[in-house]
Structure formats: C-alpha cells, structure tokens
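Here are the chains, one letter per residue:
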Amino acid sequence: MLHSSAPSDRPSGFAAEVRRRRTFAIISHPDAGKTTLTEKLLYFGGAIKLAGHVKARGERRRTRSDWMEIEQSRGISVTSSVMTFERNGLVFNLLDTPGHSDFSEDTFRTLSAVDAAIMVIDAAKGIESQTRKLFEVCRLRDIPIVTFINKVDREGLDALELLDEIASGLALDLAPMTWPIGMGSDFRGCIDIAGKRALLPEAVRNSPYSKAVELSKLEDLASATGIEERITGPALESLDLARAALPAFDAKAFLEGHLSPVFFGSALRDFCVEELLDCLASFAPGPGVREAGDRIVEPEEAAVTGFVFKVQANMDPSHRDRVAFLRLCSGRFRRGMKMFHVREGKPMSVSSPILFFAQDRETADEAYPGDIIGIPNHGTLRVGDTLTEGEELRFTGLPNFAPEILRRVLIEDPMKAKQLQRALQDLAEEGVAQVFHPVLGSWPILGVFGALQLEVLVSRLKAEYGVPIRFETAPYESARWIDSAEPAELARFVEKERQNIAEDRDGNLVFLARNDWTLRRTAEEWKAVRFTDVRERG
C-alpha cells in the first residue's frame, strides 16, 4: 500500500518499497490512442471499474486524464497528468503527456521524471513526427521503451511492414510479444507468443477481448480457435518470419534502451492491454539513480530528495489551487516533514502532500522514490526546484527552450491589469508559456511553441482568471538568453540594444531579435556575448 503501516524504517522494508515502484509515461503522436490506452491501463490495473469511471469511496467519478475544458471539447491532451494505482503488489505511477507537438516542452520535462515509457503507434500510420521526436528524447535519457501498436482491429499497415519501419526508422531492435490474427476487417484476435495463448473476442466479431484459449503449440491456432485457415495461415507465416529476423526478448538490452518489446493490440477493445501492463510489472526498471550536479543520488539513500518537474494551477478552479508535482528520488517521505528548499535557501514544511488520480487526489501520508506527490503552495515552488533534507544539491535536466512564436498580450479590460500579471506569472511557472518583460515598454511578450498554446492561454485566462485577452504580432521572431564572461561587454551590449532587451520570469536577460538575419548579424558583431536557446531551470 502507498500508506503502509509496516515498519518502513527498517532498511529491508524500505528497499522493498523502492523496488515495487514503476514510474512510466505514455508517448505518442496525436490521435494514436494514448488517452484510450491510459484509461484501459487504469481499468486493468483495478483503478477504475468501467472505462471512464473511478472506483473510490463507493462512487463512480469521471477519470479523465484530459480534465481541462479545452481538452474535453477538442479531444486532445494539452497538459501532463499523474495517476497512481496498485496492481499485484506493485505501485504504478502513470504520467500522461500531451501528444500535440505544440506542448513538447511540457512533455520533455515530464519525461525527466519517469523510468520507462510506452510508445503508442497507430497501425494505420506507423511512425509519425511527434513520435519520432519523443522517442529521441527517451533515447537521450536512456529510458527503456515498450512499443504498443494500436488499432490493429482497423485497416492498417502489414505487421511486418510496421516492424520494419520502426526498426529502421528508429534504429531500434524489436522483439514481438503479441501478434495480430488478421487485421482490419479480418481481425480475429491476438496471439500471446510467450504464453502460447490465443486472445479472442466474444462471439460478435467486433466485440472486446473476452477469453484466452491455451495452445499446446502455435501451429494449433486454427483447430483450437475455429478461426478460418485463410486468416490463421498468413498470421502464423508472418509471425515465423518476424521471429526469424528479429532477436528474442532480452531484459538487459531492454533496460539499456537498445531493444523494445512490441505488443500488437487494440486499446479500445482491450486486446493486449493487460499483457502490456504485465510486461511493465515484470521488466520495467524501478526508480533509478539521478544526476544532481557533481554527484549521483541513489534511490535507497536515507535522506529524502526530489525535484519539481511540473506546476499546475487551478486543477480545482473553485479553490484557486496551485500544486507542484515532485518526483521523489531518494528516502522515505512522510507527511509533515521539513524540507530544505535549495533555491530559496530556507526550510519549508510539507504538511498537506497529495497523491494524484488525474484531477482527483488524496492525502499522502508517506511516499517513496519513484512516487509523484503534489505539494500545494502559493508560488513558493517552481519547475526545476530541488527539495532535500538539508543538502545543497540541484537536480539537472529541466531546461527552458527558446520559443518559436512571440506575441504581445493586449488586455481588453485595463482594470484587470493586475489580474493579468498574476495569471501570466502562474502560467509561466507551469511552463504553459514563457513571459518576457521588455526593458522599454509595458506590454509583456509571450513565447510559445505552437498556435494551439495560444488557444489554451486565451481559454484558461478567461475561464480560470476572468481576464479576456487578445494577441498582437510582436516585432520579434526569435528570443535568446544572453550572458558573457566579460560583464563590462555584456553591459555595453545591453545599453546599445536596450530596445531589444527583455527579462524572463527569473530576471535573466533575453535578446529579442526581429528576424534570423538580425540574430546572426548581432552574434557575429558581439563575439564576447553568448546567445543560447536553452537555459536550465531551477
């Protein structure tokens, strides 16, 4: 249990609690079925009794990981959410990430908090651009990946063709764990390869998974299931070709990020979701070591450490709340602990930590490495902050990236200028947008990665803060952080380019360039000044 009453102070008990954590994210291109798979993982994990409803205190409550109004109306994920559940003695922390590329910065930070990932691929579309980008982020962090090829019950690419595209396109070894028995209109179920089972629907062809038929050998598929030979024959033939060409599953290669187990299935119809979850339980790593400057933090260290990878305001609009998501990296956390806020250099009491189920929550009496806890606060914690039991260390790997779209913010009601300032500060701390304040001029400039982020900003400012706004094209195309090893030279540059200088939310200097040519020319002219498109947070 997350709130264990066992004597966790004993090293053996603490180590066991650490080992039973599995913290993972789901990554995909939009519309690959990520949100549906999230719900079904929760269903098979026992966290909900029907897809879309929570089993908690005898009530049936909505379990949308997409909980914002704009997410529900548009059918997309635009913010990360956390869901914790238990299954067969293991604790799973599932981090749902935005699929849309406009929110890639939020996804990048979320991936810093996980130990494994599920990559969802649409069987009809194969590898798509956002999938490729997110895979590369996982590769940079050596995150083990399980592949789920979704929607095999619809018309799609051939199974062998899909495997070849993934293996060659991502330079990744693959090991099939389940295999489709026909696809599209000919779909009849899936083969659990290692378990030698046929996973079948009910009598109605398009119904969900309902039964498993044991196979003494895979060649008995047609006789054991009654499925037509015209479908089982090609399925077994392509499976034989795949097994001959691809390596067998190897747990070590998986943990090193070189090999991905592949599950063909249908999240909507429950095929191979439970097998996917069993794979995470059996082979996904528990909490790993974390880099913190010059030293490595081990999860089984006695002292509690953690870092904030996300801040979310107004998950409960009626309470105007603000919650920091803290990934625990070491030690046994207990409610009421005094933690050292490294950036502020002072202690803070964590008296009301929470565990998440999307926007639903409960009090966390204790938590362990790998767990994600929420810390309600009023602006004290930011993305990138580190909390410890006294040690001055800082976890790295949570950067800000230079935005690709810059817009001026214009308020429709000047009487709400202070509300706008507070709202923009909240949203900047969440990572929804970056806010730059020009040294000369009063209107803030917002930086985002895509147009959809602007829609989200307009929607949230109006719904959550009651501040209608509109955007105006800014006279700038690029933003770069600036610094220099020569303070005098930096001061001269700032004075000369004063009309193009702004400060970010932390007071760091930013150069706003009117176009790429101006940026290149300025960088060539001022060689002692560094222009960077990435800056570490915290």
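For the structure given in this document, a descriptive report is provided here. (Residues numbered from 1 in each chain as written. Predicted model: local features only at pLDDT ≥ 70, side-chain atom pairs only at ≥ 80, totals over all residues. Heavy atoms only, no water.)

### Quick notes on the packing of helix α2 (residues 34–44) against helix α10 (residues 273–283)
Step number 1: Closest axis-to-axis distance for the α2/α10 pair is 9 Å, and the angle between their directions is 75°. Compared by their axis directions, α2 and α10 come out roughly perpendicular. Contacts between α2 and α10 involve L37, K40, L41 and F44 on the former and, on the latter, V273, E274, L276 and L277.
Step number 2: Looking at the contact of α2 with α10 residue by residue, the class counts come to six nonpolar, no polar and two charged. (Axes fitted to C-alpha atoms, helices over the stretch in contact; angles between N-to-C directions. Helix = DSSP H or I, 4+ residues; strand = E, 2+ residues; numbered from the N terminus. Parallel < 35°, antiparallel > 145°, perpendicular 65-115°, else oblique. Contact = heavy atoms within 4.5 Å. Nonpolar A, V, L, I, M, F, W, Y, C, P; charged D, E, K, R; others polar.)

### Describing the pattern of salt bridges
Step number 1: Applying the stated criterion across every chain yields a total of 34 salt bridges.
Step number 2: Note that E256 and K252 form a salt bridge whose closest N and O atoms lie 2.6 Å from each other.
Step number 3: A relative accessible area of 56% places K252 in the exposed class.
Step number 4: Between D483 and R530 there is a salt bridge, with its nearest N and O atoms 3.0 Å apart. Here D483, found in strand β32 (residues 478–484), pairs with R530, found in strand β35 (residues 529–532); they are 47 residues apart in sequence, far enough to count as distant.
Step number 5: Using a relative accessible area of 27% as the deciding quantity, one classes D483 as partly exposed.
Step number 6: Several salt bridges share partner residues, and in doing so they unite E17, R20, R21, E86 and D371 into one network. (Salt bridge = Lys/Arg side-chain N within 4 Å of Asp/Glu carboxyl O. Buried < 20%, exposed > 50% of the residue type's maximum accessible area, 1.4 Å probe, protein only.)

### Examining the sheet that holds strand β29 (residues 434–438)
Step number 1: Read across the open sheet, the eight strands follow the order β31-β28-β30-β29-β33-β34-β32-β35; overall the sheet is antiparallel. Every interior strand has two partners, whereas the edge strands, β31 (469–473) and β35, have only one. On average, each strand axis in the sheet is inclined to that of its neighbour by 40°, with strand direction left out of account.
Step number 2: Across three bridges, strand β33 (residues 501–503) lies against strand β34 (residues 509–513) in antiparallel orientation. (Pairing = 2+ DSSP bridges.)

### What about the pairing of strand β22 (residues 354–357)?
Step number 1: Side chains I354 and F356 project from β22 onto one buried face, and the interleaved L355 and F357 project onto a second face that is buried too.
Step number 2: Taken together, the four bridges between β22 and strand β23 (residues 360–363) define a ladder with antiparallel strand orientation. Pairing of L355 across the sheet is with E362, part of β23.

### Comments concerning the sheet that holds strand β12 (residues 197–201)
Step number 1: Read across the sheet, four strands follow the order β10-β11-β12-β13 without closing on themselves; strand pairing throughout is antiparallel. Two strands close off the open sheet at either side, each with one partner strand: β10 (178–181) and β13 (209–214). Going from strand to strand, the sheet's axes swing by 25° on average, the running direction of each strand aside.
Step number 2: As defined by bridge partners, strand β11 (residues 189–192) adjoins β12 across three bridges and the pair is classed as antiparallel. The residue bridging I191 from the neighbouring strand is A198, located in β12.
Step number 3: Against the sheet, helix α8 (residues 229–245) makes contact with β10 and β11, and its axis sits at roughly 150° relative to β10, the strand it touches most.

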